[in-house]
Each structure stands twice: as C-alpha cells, then as structure tokens.
Amino acid sequence: MRHLPGRDQGAEPPEPAEGVQGAGQRALGEALVGACAAAGASIGMLYLPDPTRRVLHLAMTIGLAREFALPWSRVVMEDSIPVADAVRDGLFVWLGGQEETARRYPRLGLVLPYDFALAAAPLVPDPVPEAAEPTGAGLVLLWPGSHAPHLTDREREAVDAACGSLANHLLRAAAAGHPVHPPAQPVMLRRPPPPTPGPAEAAAAMAFIRRLPGGNCALDLNGTITFITKDAAELLGAPVSRLRGALPWEALPWMDTPVIEDHYRAAAISRLPRSFTAAPPIGSYLRFDLYPDDTGISVRITPVPTDGPLPPPGPPPGPPTAVPAEPSPSRATALYQLMHLAAALTEAVHARDVVDHAADLLVPALGAQALALLVAEEQRLRIVGFRGYTAELMARYDGIPLGVHTASTHGLHTGEPLFFADAGELAAAFPAVVIGDGMAAWAFLPLIASGRPIGTLILAYARPHAFVPGERAILTSLAGLIAQALDRARLYDTTHQLAHSLQTGLLPRALPDVPRLDVAARYLPAAHGFDIGGDFYDLIRIDDTTVAVAVGDVQGHNVNAAALMGQVRTAVHASAGEHPAEVLARTNRLLTDLEPGLFTSCVYAHIDLSARTAHLATAGHPPPLLRHAGGPAKMLHLPPGLLLGIDPDAAYTAVEVPFEPGTLLALYTDGLVEVPGEDLENGIAAVADRISATHERHPVGTLADDLMGRARGGAPRTDDIALLLLRFAHEGPHT
C-alpha cells in the first residue's frame, strides 16, 4: 500500500513533547477542542507567532486533514489571509459563505472553492490585564456550508470566550517562564471517539450494513479508507485487503482524477453531502454518495442502471506502469498545489517570500525532504534560499562558477531539467560529483523567466524516487511559476535597496555634540513588504548653547519621497537659527516652488539652553511630548499649521515653553504611535505613559530603544518611524 509522504494516514495524532512545553500544548489542545464544541464549529485552527511577530505558524488543528493544513501552516502577517488580518489589525473577521470568501479573499477562494463559513479572531485575554502585550496569536473556526450567513449571538459569545481562554493559557505559560512556541509541525487533534459498541451491537450494525443494496465504505478526514464491505470492493474491482488503509485515488488508478478527488475535498471542507458517477475499467458506471461529518465520510456505492442515461465515457485505461519507489502526488493533489502556489506567489514581494512560499508548499506536498533555490549572478551560482539542508552544506555550494559543468548548472546552459531516481544515476551522469547531502534522489529544474534561465531549483528526496512523466511535467510547471515570481521579486529587492540607500544616505550620519544636552535618534523603516518612506530627523548646532531640531514626514513611500526628504532637510538647514515660524514658512515656499506633488508634515524647535526656553512650531505634524523634571510626559498642543507644499502664503505660529534642566522633549513621526483600529491620541498617550514610567535620569538612548522596541513588537507597521529624544541634563555627571 502506498501513501503520500507527509499525510496523516489515520494514525494517532502526534503527541506534544513531554515536559512543561508539552503540558502547555496539551492545555491549548483541550481548549481548542472545547472551543469547537461550544461554537458548533467543524474545524478549528490555532496560530502562534514566531519571535519576530511577522509570521504566524499553525500550532494545532482539529477536524482538518493534514493535506489541507500543511499549505496554511505558515502565514506571513502581511498576507491577505483572514487570520493575518485578524491578528495584525485586531479585528474579528467573518466570512458567511463561498461568494463572500471569493470576493474578499481571492487567494483563499481560488484554492478552496467550497462552501463554508469562517471566523478569524485575535487571541485577547479575558479580562484584559493592564499594560498587556498582544499575544500575536489567532484562532480560525470553520462551520459547514449549511451554516447561516451570520453568526448567532451564542456562537459569537463562544468564539470570544474561546479566544479569551486560549489567550489566558498563553499568558499563564509565559508568566511562568515557559512560553508556548509553535511546534515544528502542526499538531493534528481529534475529537473524542464515540463509545465503542459491544459485540452484539457491533454484529447487528455489520448485519445492517451488509443488507443494504450496493456497497459501503468509510473514509477518515484524510481520505483514507477505514472500512469497506466486500460488495463495495467487488464494485470497485479490488480486494478488501488492498483497499483498506489506502487512499482511493492511489489504490485505484482510474479514480486518480482531479474531479473525483475534488468531490472528496468539497465534502471534507463543507461537510455537505456530495454525489458523482465514475466508470471503472471493467463494469458499469458507479454512483458515489458522500455523507461527511466531523469524524469522516460515509460513502454509498451503487451501480448506475443501464437503462438510464449514462455519463459520457471517459478515456480508456492506459497501460500499467511500474510503481515508483516513492509515490508521486495524485493529479488532483498536484493541481491543488499548483493553484495554491500560483495564488501565493502573486503576493510574494521579496525573494525571501518566494523561497518561503515554495518551501512551505512544495516540500510537504511533493514528499521531498529538501529544497534549494539558486540564481546566476556575476558568472556564479548563488544560493538565495533553502529548506531541509544545513547552512554549512549550502555554504560549500554557494558561488559555484557557471563554467563548471554540474547538475546545478546544467539547466542554465541547456534549459533542460535533470531527474535522478537514485545516487547511481547521478553518479553515472556526473562521475566527479561528491554526494554530501545525505539524499537519495534529486530533481534539478531550470528557473526560466522571460525565455531565459535565471537559476536552478533543486528538490531532494531521502529515498529513491522514480519521477514518472506526469510528475516531471508538474515539477517543470512549478519551476516556471517560481522563476517568474523570483525574477520579479529580485527586481523589486534591487529597487527597494536603491531607495533605502538613498534615504539612509540623506539622514544625518552623526548628531552634533552639545554640552549638557543628551540626545538619542532612531530610525526604523516600514515593515516587510512596503517601499521606503520620507521620514527624517535632524539636529543642527547653532552655538554651544543653542540648537535647532526638526522631525518630519514626507507623503508617500517611494524614491520621490526619499528625494524630497533631502530637499526639506536642506531647506531647514538654510534657515536654521531663525524663528521657528519663519523657518517653516521659508521651507514651505521652497516646496511649493518645486511643485513636487507631495506634502510634508514637520515640527521644528529652537532650543536655547542658556535662556532655558524652547520655541516650537508645527506644520501638520503629530504633537511633541514634553516632560518637565518631576512631572509626567504630556502632549504639547501647538497652534495648527498647514502641511508644507500646499499654499505658498501659509503662515505658522510658534509657542515658547520652559526648558529647564531635567526637561525631556520627544519628537517623532506617526509610525511610532499609530495602532490599527485605534485613535491616534490613544497611541500618543501610550508613548507618553511609557516615558512617564521611566526614571528621570534614565539614559535617553535606552529609552529610545525601548520605545522603538515596543513599536516593533506590536502589529506589523505600514509606515516608517523617526524618533528624536532631547533632555537638558542636570549639572554634574549625566548620560
């Protein structure tokens, strides 16, 4: 009996590891099972974040086949996926049916074109503790296609309660010093089995089944045949011993069609009955009626009457083929993976995204154990990403000259793939090769974009693997999809790096040293997947006791924004030392003369340490935060001013505030305080509270790192952050 590698073939689900981590996972598993039961959901999925908070990993699931779970086991936070939106934005996402899913989430609707209802929500503790960090975790629940378009009040309360319970488990584990981390593979949970019938009841049930006309069998949620009657086996044309424990489309070649496997997928996901007809090589057409529930699928098999209309005949069966040492995916599975990969690659922005999507989807789906992506650069083959190999091994092969004839460079010269079913075939083709990866079969696939080879995709298998013609065609198609996405992503990376270099080159390399003025500046680009922006900061020394300070934000996230940022800094420098209102007015006139089509917010301060005063003016910028010695940090509400670059005659007003020893001034851009779904003032108040909670003599550099760290650790940011802290130090030693 053959099984697809990586599938859960009806064995008991993997148990969490023993010890504290395992205990935490067991508690979460029990809570997830209870959540599905309370909400009446058919499928439950729990996602936990990685340490960067940029990726969600599927930690455990219930009611879902492993085949369906693996492609969704890793979700990048910027992906247009319900759980990513829910966790990133702190929202409750509800999809009431197939049409709404396809409209709001095209990728999900394309890969799973079935009828179901879905809810995704962030895990928020109940009650919410003060100053609690977001868990960064999410819950996904699915209901059968028969569910109403809207949640009932009871179901919504059950979902909210489940999120609170799961979040509390995570917080308690973290507080005890044993945070729960995502496992290497999703834990496949199962509902408690029904009571085992006694001998008499079991005998009566079997007699009942045998009396039914036709044949009957049962599949688990993975599609494996767990029970089949003799009559059903005879109708299918195979012995019971060959079918029990097998996947139908693997044990019966005539059932290996996308249409038949798609009916199983639809029943398993939607939990709705399905019917279809199919023709075995010998015998009459058969009707299959599928009746799914949360434990599996019951299948009724009956002959189609010969006097009724018959479906159009299918193609005649092909000649028997040899069974490969390792099974290839069924045609329906391959089509599913092709669609999933194509949909995922449309959202890949960086080359790293392409590598991650390819590895996440191909390695488990194709039964491979390792993958490597290599591209041609400066007449050498460079590794851009890998999975299943060690970094040390990859370092040995990085930088191979293209002139050296190896399996890795072959496709770059010929455009043709190579397939080696075992080590002997590889050694015969390349006698000088030294096999050091511990694998036993390989596919070397050229990456061809716009008609030219740009690199090589290597898939490796732990055991000998005969690549049948159909599988070779599928792998070649997959390599083509990856090549197009990788070529596009590398172009984006080059452009992004150019813009980033431009912006960082325009920011001050070092800030001037001013006696008794402690200064800390920080800059953080936008989160993964976004272009560079125009946030800037500057500190200009006028004399030993006077400085000019500016922080601003140019509209947009592109090279033009970065270039305009440099022009704004130049204009501010040209007027530094003048009254703040005049500095902003002159800068504004310059920008309107340039007509860049972009607007700029800016706050400018003139600080005189000898006079112990500060004069500030704003052009549509978030309010500064000011903390006097012995007091809390408060928002400094300045007279509003128009954004720079709109009206050449705009006027600005400055205010004077005391700037005594111990005073701290915080200037920042909105990326520091913006929180999706929350009012901007709440975000500013949270930063002010954090500043107030620190000691007055706390090093400004450490405080800046703390504020930036909290911004980085929250929801993924869509904007840059610029931060400038200035404190008038007390006399004596200071930091």
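Quick look at the structure, then. (Residues numbered from 1 in each chain as written. Predicted model: local features only at pLDDT ≥ 70, side-chain atom pairs only at ≥ 80, totals over all residues. Heavy atoms only, no water.)

**Here we look at the sheet that holds strand β8 (residues 215–219)**
At step 1: Read from one edge of the open sheet, five strands run β9-β8-β12-β11-β10, paired in antiparallel fashion. Only two strands of the sheet have a single partner each, and these edge strands are β9 (225–228) and β10 (274–278). Here the strands of the sheet are splayed against their neighbours by 20° on average, with no regard to which way each runs.
At step 2: Lying over the sheet, helix α11 (residues 258–270) contacts β10, β11 (286–292) and β12 (297–303), oriented at roughly 170° with respect to β10. (Pairing = 2+ DSSP bridges. Helix = DSSP H or I, 4+ residues; strand = E, 2+ residues; numbered from the N terminus. Axes fitted to C-alpha atoms, helices over the stretch in contact; angles between N-to-C directions. Contact = heavy atoms within 4.5 Å.)

**Observations concerning the nonpolar core**
At step 1: Ranked by size, the top nonpolar core spans 61 residues in total, and within it Tyr47, Leu236, Leu243 and Phe288 carry the most contacts.
At step 2: Excluding its chain neighbours within four sequence positions, the residues that come into contact with Leu243 are Ile225, Ile228, Ala233, Leu236, Ala238, Ala251 and Leu252.
At step 3: In terms of nonpolar packing, the next biggest core, distinct from the first, is built from 49 residues, Val603, Leu609, Leu616 and Phe728 among them. (Core = buried A, V, L, I, M, F, W, Y, C linked by side-chain atoms within 4.5 Å. Buried < 20%, exposed > 50% of the residue type's maximum accessible area, 1.4 Å probe, protein only.)

**Digging into the sheet that holds strand β20 (residues 534–543)**
At step 1: Read from one edge of the open sheet, five strands run β20-β21-β22-β23-β26, paired in antiparallel fashion. The strands lining the two open edges of the sheet, one partner per strand, are β20 and β26 (655–658). Strand after strand, the sheet turns through a mean of 20° between neighbouring axes, direction not considered.
At step 2: Across seven bridges, the pairing between strand β22 (residues 600–608) and strand β23 (residues 613–619) is antiparallel. Within the sheet, the bridge partner assigned to Cys602 lies in β23 and is Ala619.
At step 3: Against the sheet, helix α19 (residues 580–594) makes contact with β22 and β23, and its axis sits at roughly 30° relative to β23, the strand it touches most.

**Brief notes about the pattern of salt bridges**
At step 1: Tallied over the entire structure, the rule returns 22 salt bridges.
At step 2: Across the salt bridge formed by Asp538 and Arg569, the nearest N and O atoms sit 2.9 Å from each other. Here Asp538 is found in strand β20, whereas its partner Arg569 is found in helix α18 (residues 559–575), with 31 residues between them in sequence. Each member of the pair, Asp538 together with Arg569, is buried. (Salt bridge = Lys/Arg side-chain N within 4 Å of Asp/Glu carboxyl O.)

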